[in-house]
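# Commentary on secondary and tertiary structure
Chain by chain, the residues:
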Amino acid sequence: TSKKKSLRGAPLSVLHASKRSVNLALRLCNYSTSHSSQIASMRILIAMLSSGAATALSATTARPSASARTNLLQVLADVVPSDRFSAPPDGAKRIEEAVAALEAAATDDEKPSFPRDLMVIDGDWDLRFTNNAPPPPPDWVPFDTSGLAGCDVVQKIDVMGRRVKNCVTVAPWPSAVLDGLDGLPLIGAPLAALSKASVALSLDHSFSVDGDGSTPGTRKAAGTNRVNIVFERLDRTLTGLDRDKAPEFAELLPEQTGYDVPEIARAANAAFAATGLDGSAFDTTYCDETLRISRGGNPLRGELRVFTRVAAPAPPTPEVVDEDRFIVAPDMEGDPEDSMPSD
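First things first, this report covers the structure right here in the doc. Remember, predicted model here, so these are calculated numbers, not experimental data. (Residues numbered from 1 in each chain as written. Predicted model: local features only at pLDDT ≥ 70, side-chain atom pairs only at ≥ 80, totals over all residues. Heavy atoms only, no water.)

What follows is about the packing of aromatic side chains. Under the defined criterion, the tally for this structure stands at zero aromatic pairs. Across the ring face of Trp 125, the terminal group of Arg 292 is positioned such that the distance to the ring centre comes to 4.8 Å. Sitting over the ring of Phe 307, Arg 292 keeps its end group 4.3 Å from the ring centre. (Phe/Tyr/Trp six-rings, centres within 6.5 Å; stacked < 30°, edge-to-face > 60°. Lys NZ or Arg CZ within 6 Å of the ring centre and 35° of its normal.)

With that settled, the discussion passes to the side chain of Asp 283. On the secondary structure map, Asp 283 appears in strand E7 (residues 281-287). One polar contact links Asp 283 to Arg 226, side chain to side chain, over a distance of 2.7 Å. (Helix = DSSP H or I, 4+ residues; strand = E, 2+ residues; numbered from the N terminus. Polar contact = N/O pair within 3.5 Å; in protein donor to acceptor, adjacent residues only side chain to side chain.)

We now examine helix H4 (residues 89-105). Taking 1.5 Å per residue, 17 residues should reach 24 Å; H4 reaches 25 Å between its end C-alpha atoms and fits that length. Taken together, the buried residues of H4 touch helix H3 (66-79), strand E1 (123-130), E7, strand E8 (291-296) and strand E9 (304-309). (Expected span 1.5 Å × (residues − 1). Contact = heavy atoms within 4.5 Å.)

Evaluated as defined, the whole model comprises 15 salt bridges. Residue Glu 110 pairs with Arg 63 through a salt bridge whose shortest N-O separation is 3.3 Å. In this pair, Glu 110 sits in the loop between H4 and E1 while Arg 63 sits in the loop between helix H2 (35-61) and H3, placing the two residues 47 residues apart along the sequence. Using a relative accessible area of 1% as the deciding quantity, one classes Glu 110 as buried. On the basis of relative accessibility, which here comes to 15%, the residue Arg 63 falls in the buried class. Note that Asp 117 is salt-bridged to Arg 116, the shortest N-O span being 2.9 Å. For Asp 117, a relative accessible area of 4% puts it in the buried group. The network of salt bridges with common partners includes Arg 163, Asp 204, Glu 232, Glu 263 and Arg 266. (Salt bridge = Lys/Arg side-chain N within 4 Å of Asp/Glu carboxyl O. Buried < 20%, exposed > 50% of the residue type's maximum accessible area, 1.4 Å probe, protein only.)

It is worth spelling out the packing of H3 against H4 at this point. At a minimum axis distance of 9 Å, the contact between H3 and H4 shows a crossing angle of 165°. In terms of axis orientation, H3 runs roughly antiparallel to H4. Relative to H4, H3 is oriented so that their crossing is left-handed. Residue-level inspection shows Ala 68, Arg 69, Asn 71, Leu 72, Val 75, Leu 76, Asp 78 and Val 79 of H3 in contact with H4, the latter providing Gly 91, Arg 94, Ile 95, Ala 98, Val 99, Ala 101, Leu 102 and Ala 105. (Axes fitted to C-alpha atoms, helices over the stretch in contact; angles between N-to-C directions. Parallel < 35°, antiparallel > 145°, perpendicular 65-115°, else oblique. Left-handed = near helix turned anticlockwise from the far one by under 90°.)

For Ser 195, the position within the fold is in the loop between helix H7 (188-194) and strand E4 (198-208). Its relative accessible area of 7% is what places Ser 195 among the buried residues. Separated by 46 residues in sequence, Ser 195 and Leu 241 place their C-alpha atoms 7.8 Å apart.

Bringing the nonpolar core into the picture now. Membership of the largest hydrophobic core comes to 28 residues, with the highest contact counts inside it found for Leu 118, Ile 121, Ile 157, Phe 207, Val 227 and Leu 241. Those elements that provide at least two residues to this core are E1, strand E2 (151-158), strand E3 (163-170), H7, E4, strand E5 (226-239) and E7. With near-sequence residues (within four places) excluded, Leu 118 lies in contact with Val 159, Arg 162, Phe 207, Val 209 and Val 227. Counting 19 residues, the second largest nonpolar core, distinct from the first, contains Leu 76, Val 80, Leu 291 and Val 306. (Core = buried A, V, L, I, M, F, W, Y, C linked by side-chain atoms within 4.5 Å.)

Structure representation (structure tokens):
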């Protein structure tokens, strides 16, 4: 039988406390007649839940793949510049070797099988490395070119909506170069207006997996780690344009535009995708709570990408009012054991 999994891939057995114990602690809170007893009961409940969370964390760090995982993250930190997602050839080789070692050491829980385990890839993921981008320029290049290659590359996966959005911010003009050209006739003002601008692109795809019922064929719970994507829409957002320096030029550049891929082009893309040569599929060879390895579906291209999960923003601290500091025990009749739920 297949193992039960949480949304992030960890076994439910290490994430959840005993249902009976939690229910008992909750009822102790309700039936306690004194404020001090209610506080003591709440402390019992918090201790139970904290114990479950600690167990889950311990299980993560105790995995057979833990050493290989730590090594990969360290190699990424060592060889990938902070403003890039590619590495020099020798660094890229180290990353590929570290990735292969982690894939070999991965447990079954870290090797998802779709469609059963699709929720493990749901969410926003920062691109940390890809071998499908040019390496960083040598140190002697006199200006910053990071904007040319793109930055802030995030893959947004919505499993329930069956969407994949690849988002990237680019500045296809070295700002240091444009700053020196603002005195040129005719084009100087537009170039100066663009010097601090950037363009955010969102490439929106639908996706499917074999066996999920969205494509012809037999429905099945698991059996593949491949996701097939179809490019359907491009959205562009321009920010940072100094409109005061070239007002007439700025009027020609809308801040936002969107383009739907024509149906005839989608059909052509789908036909090409069926050949397996276009790179419109990716295999998830490793995924845990915060780290994901993706390989392109076309083995001839050898595409490799490493992602880390975008941390969820901390929830706002709730304002505590005096009325919220006390728990009021409801009036209840009868023996509490009569209403205790069964497992």
